[in-house]
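Architecture at a glance
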Amino acid sequence: LDKFQADTCELLRPLYTHTKGMRAIFTHHGHMVRAGDVVRIPHLETTLAALSNEGVRLMREGWLSSAILADQKQRGGLLTEDDLKRYEVLREAPIRLKYRDFEVILPPPSSTGGVLTAFTLKLVAHFEVVRMEHGSAAHLRLLFEALAATSRARPYWDKAVAERPWHDAVDYFLSDRLIAPFLDEMSSALQGEAPSTAAKEPPGPQSTSHLSVIDGEGMAVALTTTAGESAGYVVPQTGFIPNNILGEEDLNPAGFHQWQAGQRIFTMMTPAIVMRDGRIRLVTGSGGSNRIRSAILQVLVNVLDFEMPLEAAVNAPRVHVEDGVMQCEYGYDPHTVDELERLGYSINRWTTRSIYFGGAHSVALENDGKLVGAGDDRRGGAVATIG
């Protein structure tokens, strides 16, 4: 483990020490694993090898299915044989959005993050960001107002997707008619001196990772994955640690045992690909639950509007709006932050850079055809070139 991984294990100590099986993995000699320790998960190698050979059948009707169901029965779990057999992966067309001279491709539902990011970009597209100085009061006010407007609009999305087919809900939510009043509110706030309000959003976990890839032929992958923080136990003889997605407040705000059977759970995961003139320009995404949207928005604006080099665009300080408060990461000019406070914005100043603000690991194709990558140093990002 490196320091970031060890710190994450420490953060999740209650889950990682919840059962004997978890303690056997995540505690060494009576203490939580530390940087430099080797974590070994018994039986996981066998399970992964079987998955690679047998694929989905192993989870539907193979020995892994049997092990999971036996464990569920013993522990009073809710998963049934029918659940595992009937589950299907949906492959839906992505959301395609014009932004400046670019096309931004975002995930459709069940990603809530994709449609909300598209909404924010449609708002920002009405303003001349290129005329602003990065990190200026005008820039940060624009980010606050766009993110706050999206949080106020989110109930319209939640209601639409509950009542309509996904495609109809997306078309409705991203329509000019729905966006217009929020754009007017943004414009009024930016022309005046009083900030607008932001709706409350539920807190979220720290358990999501992202991988961005571009190959020499111009093919790209934006892959965001999440395991939740784990459910705190290991399925015996498998090394398989189930997730705790239904226990995460931002995904299941109604609480335990309230989710409607048969309904897919939504996610904030928002892998994104940007095209220009038919070529991949940028691949990005982030972990960070409800901070995913603000992280991706700022990387996109940094690259597409401010034309910052990718490394600088990914690792520049960020802001996030939570319950009407602008969370302001360390790195901004203190005088600029003072100015925002004088204008009435509620600011929480961070004295460090933090995992809180996401981890937007990204790759890009520059105008000269050069491939570049940038790992977000908030979440242990790294870059590798192969071949």
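1. A look at the packing of helix H9 (residues 137-163) against helix H11 (residues 176-191)
- In the contact formed by H9 and H11, the axes pass within 10 Å of each other and the chain directions differ by 145°. Crossing hand, H9 versus H11: right-handed. For the pair H9 and H11, the contacting residues are Arg141, Leu142, Glu145, Ala146, Ala149, Arg152, Ala153 and Tyr156 in the first and Leu178, Phe182, Glu185, Met186, Ala189 and Leu190 in the second.
- For the contact of H9 with H11, the class distribution of residues is 10 nonpolar, no polar and four charged.

2. A few points about the pattern of salt bridges
- One pass over the full model with this rule turns up 21 salt bridges.
- Between Arg276 and Asp101 there is a salt bridge; the shortest N-O distance is 3.7 Å. Residue Arg276 is located in strand S7 (residues 272-276), and its partner Asp101 is located in the loop between strand S3 (95-99) and strand S4 (102-106); the two are separated by 175 residues in the primary sequence.
- Among the residues examined, Asp101 registers a relative accessible area of 52% and is labelled exposed.

3. Re the sheet that holds strand S10 (residues 325-328)
- The strand order S9-S10-S11 describes an open sheet built from three strands, whose pairing is mixed. With partners counted over all chains shown, the strands left at the sheet margins are strand S9 (319-322) and strand S11 (346-349), one partner each. Sheet twist, expressed as the average angle between the axes of neighbouring strands with direction ignored, equals 25°.
- Here helix H14 (residues 334-342) sits on the sheet in contact with S10 and S11, set at roughly 150° to S11.

4. Concerning the environment of Pro309
- Locating Pro309 in the fold gives a position in the loop between helix H12 (292-304) and helix H13 (310-315).
- Exposure remark for Pro309: the relative accessible area of 55% places this residue in the exposed category.
- As a C-alpha pair, Pro309 and Ala364 span 55 residues in sequence and 9.5 Å in three-dimensional space.

5. Quick notes on the packing of aromatic side chains
- This structure, assessed with the given rule, holds 10 aromatic pairs.
- Residues Tyr16 and Phe26 carry aromatic rings whose centres are separated by 4.2 Å and whose planes lie at 25° to one another, so their mutual orientation is stacked. You can see Tyr16 sitting in helix H2 (residues 13-16) and its partner Phe26 sitting in helix H3 (residues 20-26), a full 10 residues away along the chain.
- Among the residues examined, Tyr16 registers a relative accessible area of 13% and is labelled buried.
- Aromatic side chains Tyr356 and Phe357 sit 5.0 Å apart centroid to centroid with 80° between the ring planes, which places their arrangement in the edge-to-face category. For the pair formed by Tyr356 and Phe357, the shared burial category is buried.

Scoring rules and cut-offs
Residues numbered from 1 in each chain as written. Predicted model: local features only at pLDDT ≥ 70, side-chain atom pairs only at ≥ 80, totals over all residues. Heavy atoms only, no water. Axes fitted to C-alpha atoms, helices over the stretch in contact; angles between N-to-C directions. Helix = DSSP H or I, 4+ residues; strand = E, 2+ residues; numbered from the N terminus. Left-handed = near helix turned anticlockwise from the far one by under 90°. Contact = heavy atoms within 4.5 Å. Nonpolar A, V, L, I, M, F, W, Y, C, P; charged D, E, K, R; others polar. Salt bridge = Lys/Arg side-chain N within 4 Å of Asp/Glu carboxyl O. Buried < 20%, exposed > 50% of the residue type's maximum accessible area, 1.4 Å probe, protein only. Pairing = 2+ DSSP bridges. Phe/Tyr/Trp six-rings, centres within 6.5 Å; stacked < 30°, edge-to-face > 60°.

Just geometry here; none of it tells us what the structure is for.
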